[in-house]
Amino acid sequence: MPAALSFDRFLRDFVTPHLRGRGFLKSGYSFVLRLEGNRGLIQFQKGRKSTAAEILFTVNLGVTSERLRRFEGETTDSKPSIDDCH
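Rules used in this analysis
Counting from 1, residues in each chain are numbered in the order their sequence is written. At least 70 in pLDDT is required for a residue's local features to be given in this predicted model, at least 80 for side-chain atom pairs to be given and counted, and no such filter applies to totals for whole chains, interfaces and linings, which use all residues. Heavy atoms from the whole structure form the basis of all side-chain values; hydrogens and water molecules are not counted. To qualify as a helix, a DSSP run of H or I must reach at least 4 residues; to qualify as a strand, a run of E must reach at least 2; elements of each kind are numbered from the N terminus. Residue contacts follow a heavy-atom distance rule, with two residues in contact if any of their heavy atoms lie within 4.5 Å. His is not counted, nor are the chain ends; Lys and Arg add positive charge and Asp and Glu add negative charge. Taken as the charge location is NZ of Lys, CZ of Arg, CG of Asp or CD of Glu. Confidence of the predictor at the level of single residues is given by pLDDT, which spans 0 to 100. When DSSP finds two or more bridges between two strands, those strands count as paired. Angular values range over 0 to 180 degrees, each being the angle between N-to-C directions of two axes fitted as lines to C-alpha atoms, with helices fitted over their stretch in contact. The definition of a nonpolar core used throughout is a set of buried Ala, Val, Leu, Ile, Met, Phe, Trp, Tyr and Cys residues joined through side-chain atoms within 4.5 Å. Think of it in three bands: with a 1.4 Å probe and only protein chains considered, a residue is buried below 20% of the maximum accessible area for its type, exposed above 50%, and partly exposed in between. By convention in these notes, a salt bridge is any Lys or Arg side-chain nitrogen within 4 Å of a carboxyl oxygen on Asp or Glu.

Novice: I would appreciate a short explanation of the overall build of the protein chain in the present structure.
Specialist: Looking only at helices and strands, the protein chain features two helices and four strands. In the protein chain, the succession of α and β elements from N to C terminus is α-β-β-β-β-α. Principal-axis analysis of the C-alpha atoms places the extent of the protein chain at approximately 50 × 30 × 15 Å. At a minimum sequence separation of 6, the contacts of the protein chain that also span at least 24 residues come to 30%. Looking at the protein chain, you have 14 positive and 10 negative side-chain charges, and the mean spots of the two groups are 5 Å apart.

Novice: Help me understand the confidence of the model for the protein chain, please; the structure alone is not making it clear to me.
Specialist: Regions with low pLDDT carry predicted coordinates that are not meant to be interpreted in detail. Confidence in the prediction of the protein chain, expressed as mean pLDDT, is 89, and 99% of residues score 70 or more. Put simply, helix 2 (residues 66-71) is where the protein chain has its lowest mean pLDDT, 87, and strand 4 (residues 57-65) is where it has its highest, 95.

Novice: Which parts of the structure should I look at to understand the sheet that holds strand 3 (residues 38-46)?
Specialist: Note on sheets: strands pair through backbone hydrogen bonds, and any given pair is parallel or antiparallel. If you trace the four strands from one edge of the open sheet to the other, you get 1-2-3-4, paired in antiparallel fashion. Among the strands making up the open sheet, the edge pair consists of strand 1 (25-27) and strand 4. Recorded for the sheet is a direction-independent mean angle of 20° between the axes of neighbouring strands. Taken together, the six bridges between strand 2 (residues 30-35) and strand 3 define a ladder with antiparallel strand orientation. By the bridge assignment, L35 is partnered in strand 3 with N38. In the packing of helix 1 (residues 3-20) onto the sheet, the strands contacted are strand 1, strand 2, strand 3 and strand 4, and the crossing angle to strand 3 comes to about 165°.

Novice: Got a minute to help me understand the nonpolar core in this structure?
Specialist: Side chains of a nonpolar character, in soluble globular proteins, are inclined to be buried together. The biggest cluster of nonpolar side chains holds 10 residues, and these are A3, F7, L11, V15, L19, F24, F31, I42, F44 and I55. For this core, the leading source of residues is helix 1, giving five residues. If near-sequence neighbours (up to four positions away) are discounted, F24 is found in contact with L19, F31, V32, L33, G40 and I42.

Novice: Could you clarify how one ought to interpret the pattern of salt bridges in this entry?
Specialist: Note that side chains of opposite charge can pair when their charged atoms are close. A full pass over the atoms with the stated rule returns five salt bridges. Close ionic contact of R39 with E66 constitutes a salt bridge, the shortest N to O distance being 2.7 Å. Taken together, the residues R39 in strand 3 and E66 in helix 2 connect sequence positions 27 residues apart. Per residue, the accessibility class of R39 equals that of E66, and both read buried.

Novice: How should the pairing of strand 3 be read in this particular structure?
Specialist: Each regular strand shows side chains that alternate between the opposite faces of the sheet. Linking strand 2 back to strand 3 in an antiparallel pair, the connection comprises two residues, with E36 at a positive phi of about 50°. Of the strand pairs in this sheet, strand 3 and strand 4 are connected by nine bridges, and their pairing is antiparallel. What sits directly across from Q43, in strand 4, is N60.

Novice: I would appreciate a short explanation of the environment of E36 in the present structure.
Specialist: As for its placement among the helices and strands, E36 is situated in the loop between strand 2 and strand 3. Take E36: its relative accessible area is 74%, and that puts it in the exposed class.

Given below as structure tokens:
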């Protein structure tokens, strides 16, 4: 089985049900939890050195405060990226 398919199955069959059960919403390889004016972000990022036989990946974690984003003049309507996190 190609590594990319195994990686996608891992996310679909294990990670997604686990995080959805805790209130996270999935978008691509990112999961967002909105709670009390804050958002938590878990993002799976495939590595550039991945091959057909092996997927290298990083898990990015972030938290952003909607109150701080509004104070900084940012919109809070869209889902935050990892760069939006504090």
